[in-house]
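Notes for the structure review
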Amino acid sequence: MVRRLFVFLFSLAAVMGGQAGRIVSNQVYSAAMQRSVEVTVVVPTVGDGPFRVVYLLHGAYGHERSWLEIRPDLPDVADRMGFIFVTPRAHNSWYFDSPQRPEVRYETFMSTELITYIDSHYNTIARREGRAITGLSMGGHGALHTALRHPDMFGAVGSTSGGVDFRPFPQNWNILDELGEMAANKQTWDEHVAVNLIDRIENGQLAIIFDCGESDFFLEVNKDLHRRLLGRGIDHDFIQRPGTHNSEYWANALDYQLLFFSKFFNNHP
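Rules of the game
Along each chain, residue indices are assigned from 1 in the same order as the chain's sequence is written. Per-residue local features are limited, in this predicted model, to residues with pLDDT of at least 70; the limit for side-chain atom pairs, both in listing and counting, is 80 or more; totals at the level of whole chains, interfaces and linings are taken over all residues. Note that water and hydrogens are dropped before the side-chain values are worked out from all heavy atoms of the structure. Numbering of helices and strands starts at the N terminus; helices are DSSP runs of H or I of at least 4 residues and strands are runs of E of at least 2. Two things to know: the radius of gyration comes from C-alpha atoms, and the globule rule equals 2.2 Å times the number of residues to the power 0.38. Type-normalised accessible area, obtained with a 1.4 Å probe on protein chains alone, sets the label of each residue: buried when under 20%, exposed when over 50%, and partly exposed for intermediate values. Should any heavy atoms of two residues lie within 4.5 Å, those residues are counted as being in contact. By definition, a salt bridge exists where a carboxyl oxygen of Asp or Glu is found within 4 Å of a side-chain nitrogen of Lys or Arg. Note: two strands are recorded as paired if DSSP finds a minimum of 2 bridges between them.

This part is about the overall build of the protein. What the protein contains, in helices and strands, is nine helices and eight strands. Taken over C-alpha atoms, the radius of gyration comes to 19 Å for the protein, in line with the 18 Å a tight globule of 269 residues would show. By its C-alpha atoms, the protein is 75 × 40 × 35 Å across when sized along the principal axes. Within the protein, the proportion of its 269 residues that are buried is 54%. Long-range pairs, those at least 24 residues apart, make up 73% of the contacts in the protein with a sequence separation of at least 6.

Have a look at this one:
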């Protein structure tokens, strides 16, 4: 009796586990960087697709499975919402095509090579209306930087606790490895911060959401981005809620961003 109960429970767990999205590890070759990039993809196992794709970018010192560590339920979310999640490893690149290191070409990888790979290997809605991109901290900046420079590739963009203007932190997070010392490369730094890229879009061209915790060291630069978008008349959602720069905050914030993306997708079938 006990053995039959164990077998039943084991079988039930296997069936329930099979209902969650599957996690796939990929090595995606980048011609721009002449090497492969580690990319984790979470694919729904419910429905036939084609699926919308949400690109999730990690923060400094993170990796391609950082979001799965923050949200272990991401496969369940993929099934529930019908999204494919794509999480590439970008080291501490800040998702730039680095003017200092020609072998670092993450903007090119994110905006062309990775999208091409995902659309050719998975059942996606292969147009901008079927893609969103967001990230945390460094990845929040990376998402905005990529989408603002390539609104033809993404329909919606988000950022949580994003380093949307890193110029107040010129010695932090290896940024100078990609852009050089700020004092000697001021124009380069100015050209690469997300807050200075909003002039590249018109109102309605991108669906934008970003948030930051009230105790986060990036709060002021996010409030500045909010003011600048208001000044340009660009519609967006900005959320300021209690919290700091940690996994607990990001895990909670992702739900709001995915709801925002879901509404965008539903309005652009």
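Here the focus is the pattern of salt bridges. All told, the structure shown has 16 salt bridges when counted by the stated rule. With a closest N to O distance of 3.5 Å, Glu129 and Arg127 form a salt bridge. The class for Glu129 is partly exposed, based on a relative accessible area of 23%. Of the charged contacts, one joins Glu220 and Lys223 as a salt bridge, the two residues approaching to 3.5 Å between their closest N and O atoms. A residue pair is termed a helical-turn pair when its members lie 3 or 4 positions apart in one helix, as Glu220 and Lys223 do in helix α8 (residues 219-232) at three residues. Exposure remark for Glu220: the relative accessible area of 49% places this residue in the partly exposed category.

Relative to strand β2 (residues 35-43), strand β1 (residues 22-30) runs antiparallel, the two being bridged by nine bridges. Among the inter-strand pairings, Val24 is bridged to a residue of β2, identified as Val41. Hairpin geometry of β1 and β2 is characterised by an intervening segment of four residues between the two adjacent antiparallel strands and by a positive phi of about 60° at Gln34. Pairing geometry for β2 and strand β4 (residues 83-88), over four bridges, is antiparallel. Residue Val41 lies in a different strand from β4, and its bridge partner there is Val86.

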